[in-house]
Amino acid sequence: MFLHIDIDSFFASAERSVDASLKGIPMAVGSRSNLEIFNKKRTNIRLINDNSGAFVSPVFYSSQKKTFQSHFVDKIDGKEKIRGIITTASYEARAYGVKTGMPIAQALQLCPQMVVVPSNYPLYHKLSHQIHHFMKAKIPKIEQFSIDEFFGDVSGWIPDNEVSTFAKSLQAEMMQRFDIPVSIGISHAKWIAKLATESAKPFGIYEVDDIDAYIEHIPINAFPGIGKGFQKRLAKHYIKTLGEIKAHKPLFYRWGKPGIQLYHRVTGTCNEGIASRAERKSVGISRTFDPIYDTNEVRRRIMIMARHITYIVMQLEANPTTFYLKINYEYGIRAKSSESTNRLFSEQLFKHELSRMYDTIKQPGKGAVKLTVNVSNFTAHHTKTLSLLDLQEDTRAQQLTQKIHTLREKFGLDILKTADEL
C-alpha cells in the first residue's frame with residue numbers, strides 16, 4: 001500500500017505554526033522576485049540548499065526582516081503600488097476566490113481583510129527537513145517528492161486493512177508535533193494515492209479500493225503529469241475523463257514511452273515503487289523586474305547571477321560544461337544563447353563566456369524584464385574530457401574560485417564581488 005502525504009497549504013500552515021494569531025482567519029503567503037541580490041550595498045546574502053530531500057530550487061535570502069510594507073509596497077511618483085503574487089492561500093482566503101499565482105493587489109480586492117505575510121523560506125526548508133526526518137522514522141520506505149509532499153510504501157510492514165488507521169495516527173502525530181495539517185491518499189498504486197490526496201483535502205484521509213470506479217468520472221486535467229500538451233492530444237480523441245483512458249491502451253502505446261507511462265499510472269498498473277533522489281543535472285536562477293533599458297545594468301545583473309550560480313556549483317563540486325543565457329524583453333520579445341565548453345569551470349571563465357554571449361544577443365533600446373542563467377552537462381574532473389591547452393590556466397582560475405567560495409561560505413555570498421558587478 002502507498003501513502004501520499006501532502007501538507008495542506010504548506011507555506012500558510014508553516015506561518016501559522018509559529019504565529020497563532022494567523023489561525024482561523026483569511027491569510028496568505030506572498031512573494032515577489034528577489035531583487036536583493038542586485039543591491040550595490042552589502043545585504044549578507046545566504047543560500048538555502050541544505051534540504052537534501054526537497055526537490056526545490058536553491059533559495060537566496062538575506063537576514064533583513066520583511067514586512068508587508070517594506071516587501072510588497074513600492075512608491076512610484078508619490079503613489080503606493082502593491083507588488084508580488086500569492087504563493088499560498090489559506091482555505092479561509094480561498095473561500096473568497098484567492099488563488100495561488102494571483103497578484104496580491106487583486107487578492108486584496110477580493111478579500112480586503114486578508115493578512116498577507118512575506119515568504120520565509122528558511123522556515124519552510126527547516127520544517128520540510130524536520131518532517132522528512134520524522135517520516136523516515138515512521139515509514140520504512142519514504143520518498144520526498146517536493147518540499148511539501150511525500151510518498152510512503154508500507155507494503156509488507158502494515159497489513160492493508162490497518163493502513164487507514166496508521167494514516168490517522170500519523171496525521172494526528174504530525175499535528176501534535178509540528179502543528180501542521182496534512183492530507184493523506186491511500187492506494188495500491190503510487191500515483192493513484194497522489195490523486196486520492198486531492199479527494200482527502202483539507203486535513204482528511206481518502207483510501208481508494210476500486211481504482212476503476214474511482215477514476216471513472218475524474219477529469220483528465222486532475223491527474224498529475226497530464227499537462228496541456230497531453231490534454232490537447234486527448235481532446236482530439238474525445239477523451240475527457242481518466243476512466244475513458246483505460247479503453248484506449250493501443251492509442252497510448254502508439255505515443256511511445258511517455259504515453260505508455262501515463263497509461264499505466266492512470267490505470268494503477270505502473271508498478272512504480274519509491275524512487276531514490278536523482279542527481280542534480282542543472283543549476284539555474286531567474287529574476288523578473290521592471291523594464292531596464294541600460295545595457296550596462298543588464299550586464300551587471302547577469303554577472304551577479306553568475307556569482308550566485310558559481311556559489312552553488314562550488315557547493316556541488318560539479319563541473320558544468322554548458323552555459324545558457326535568456327533575456328525576456330518587453331512585448332514578448334526573447335533572446336537566448338547557449339554555449340558548450342570543455343574547460344574546467346571557474347567564476348572567471350563563466351562570467352567571461354556570459355558577457356560574450358550577452359554581446360551577441362543584447363537588443364539596445366528594448367527594455368529587459370527577465371533574466372535567466374543556467375548551467376548544465378556536469379562532468380567529472382577528468383583531464384581526458386577537458387581541454388589540455390587551457391588546463392594550467394583553468395586550474396589556477398578554479399583554485400582562486402574555490403578560495404573565494406570559502407570566504408563566501410563564512411561571511412556571506414556578497415562579501416566579495418568582481419568589478420563588473422559594481
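Residues numbered from 1 in each chain as written. Predicted model: local features only at pLDDT ≥ 70, side-chain atom pairs only at ≥ 80, totals over all residues. Heavy atoms only, no water.

> Looking at this structure, how should I read the sheet that holds strand β15 (residues 334-340)?
Strands in a sheet are paired, the pairing made by backbone hydrogen bonds, and the direction either parallel or antiparallel. The sheet built from 4 strands is open, its strands ordered β13-β16-β14-β15 with antiparallel pairing. A single partner strand is all that each edge strand has here, and the edge strands are β13 (282-292) and β15. Pairs of neighbouring strands in the sheet enclose a mean axial angle of 10°, with direction left out of account. Looking at chain direction, strand β14 (residues 320-329) and strand β16 (residues 368-378) are connected through 9 bridges and run antiparallel. By the bridge assignment for β16, T322 is matched with S376. Strands β13, β14 and β16 of the sheet are contacted by helix α13 (residues 295-316), whose axis makes an angle of about 160° with β13. (Pairing = 2+ DSSP bridges. Helix = DSSP H or I, 4+ residues; strand = E, 2+ residues; numbered from the N terminus. Axes fitted to C-alpha atoms, helices over the stretch in contact; angles between N-to-C directions. Contact = heavy atoms within 4.5 Å.)

> Looking at this model, I keep getting lost on the environment of L344. Mind explaining?
Mapped onto the secondary structure, L344 falls in the loop between β15 and α14 (347-361). L344 sits 48 residues away from Q392 along the chain, and the two C-alpha atoms are 9.7 Å apart.

> Looking at this structure, how should I read the environment of F323?
Relative to the elements of secondary structure, F323 occurs in strand β14. Once the C-alpha coordinates of F323 and S70 are considered, the two residues, 253 residues apart in sequence, prove to be 35 Å apart. Apart from residues lying up to four places away in sequence, F323 is in contact with S337, S338, E339, T341, F345, F350, E353, M357, N374 and V375.

> Could you clarify how one ought to interpret unusual backbone geometry in this entry?
Most peptide bonds take the trans form, and the phi angle of most residues other than glycine is negative. P202 follows K201 through a cis peptide bond whose omega is -5°. Inspection of the secondary structure puts P202 in the loop between α7 (190-200) and β12 (205-207). A positive phi angle, near 40°, is found at S9, a position not held by glycine. Mapped onto the elements of the fold, S9 is located in the loop between β1 (2-7) and α1 (10-18). The backbone phi angle of Y331 is positive, close to 65°, even though this residue is not glycine. Its relative accessible area of 78% is what places Y331 among the exposed residues. (Buried < 20%, exposed > 50% of the residue type's maximum accessible area, 1.4 Å probe, protein only.)

> What is the right way to look at the pattern of salt bridges in this model?
Oppositely charged side chains are able to pair whenever their charged atoms sit close together. A full pass over the atoms with the stated rule returns 24 salt bridges. The salt bridge partner of K246 is D212, with a shortest N-O separation of 2.9 Å. With K246 in the loop between α10 (242-245) and α11 (249-254) and D212 in helix α8 (residues 211-215), this pair connects stretches of sequence that are 34 residues apart. The closest approach of N and O atoms between D394 and R343, which form a salt bridge, is 2.7 Å. (Salt bridge = Lys/Arg side-chain N within 4 Å of Asp/Glu carboxyl O.)

> Just to check I follow, could you spell out the side chain of R301 for this structure?
Along the polypeptide, R301 turns up in helix α13. On the accessibility criterion, R301 (14% relative accessible area) is buried. Side chain to side chain, R301 and E297 meet in a polar contact 2.8 Å long. Ignoring sequence-local partners within four residues, the contact set of R301 consists of F38, F289, I292 and L371. (Polar contact = N/O pair within 3.5 Å; in protein donor to acceptor, adjacent residues only side chain to side chain.)

> Before we go on, may I ask you to explain a positive patch on the surface in this structure?
Together, K228, K232, R233 and K236 line one region of the surface with positive charge. Within the fold, R233 resides in helix α9 (residues 228-236). (Patch = residues over 30% accessible without salt bridge, like charges linked within 9 Å, V, L, I, M, F, W, Y side chains within 5 Å. Areas by Shrake-Rupley, 256 points an atom, 1.4 Å probe, with all protein chains shown as cover. Lys, Arg positive; Asp, Glu negative; His and termini not counted. Charge placed at Lys NZ, Arg CZ, Asp CG, Glu CD.)

> I keep staring at a nonpolar patch on the surface and nothing clicks. Help me out?
Side chains of L407, F411, I415 and L416 sit close together on the surface and give an oily, nonpolar patch of about 300 Å² of accessible area. Note on L416: relative accessible area 33%, which makes it partly exposed.

> I tried to follow the packing of α1 against helix α5 (residues 121-138) on my own but got confused; where do I start?
When two helices pack together, their arrangement is given by the angle between their axes and by how far apart the axes lie. Two elements in contact, α1 and α5, have axes whose closest approach is 10 Å; the angle formed by their N-to-C orientations is 95°. In terms of orientation, α1 lies roughly perpendicular with respect to α5. For the pair α1 and α5, contact is made by F10, F11, A14, E15, S17 and V18 and by Y121, L123, Y124, L127 and S128, respectively. Taken together, the residues of the contact of α1 with α5 break down into 8 nonpolar, 2 polar and 1 charged. (Parallel < 35°, antiparallel > 145°, perpendicular 65-115°, else oblique. Nonpolar A, V, L, I, M, F, W, Y, C, P; charged D, E, K, R; others polar.)

> Would you mind showing me how to read the nonpolar core here?
General note: in soluble globular proteins, nonpolar side chains tend to be found buried as a group. Ranked by internal contacts, the top residues of the largest apolar core, which has 37 residues, are F60, I302, I309, L325, I327, F350 and L354. The set of elements that each furnish at least two residues to this core consists of β13, α13, β14, α14 and β16. Excluding residues within four positions of it along the chain, I302 makes contact with L325, L354, Y358 and L371. L3, V29, F134 and M174 belong to the second-largest nonpolar core, a separate cluster that totals 30 residues. (Core = buried A, V, L, I, M, F, W, Y, C linked by side-chain atoms within 4.5 Å.)

> How should I be thinking about the environment of I139 in this particular structure?
Take I139: it is sitting in the loop between α5 and β9 (141-146). When the C-alpha positions of I139 and G152 are compared, they lie 6.4 Å apart, and in sequence the two are 13 residues distant. Contacts of I139, omitting those with residues within four sequence positions, involve L3, I5, G152, D153, V154, W157, F166 and L170.

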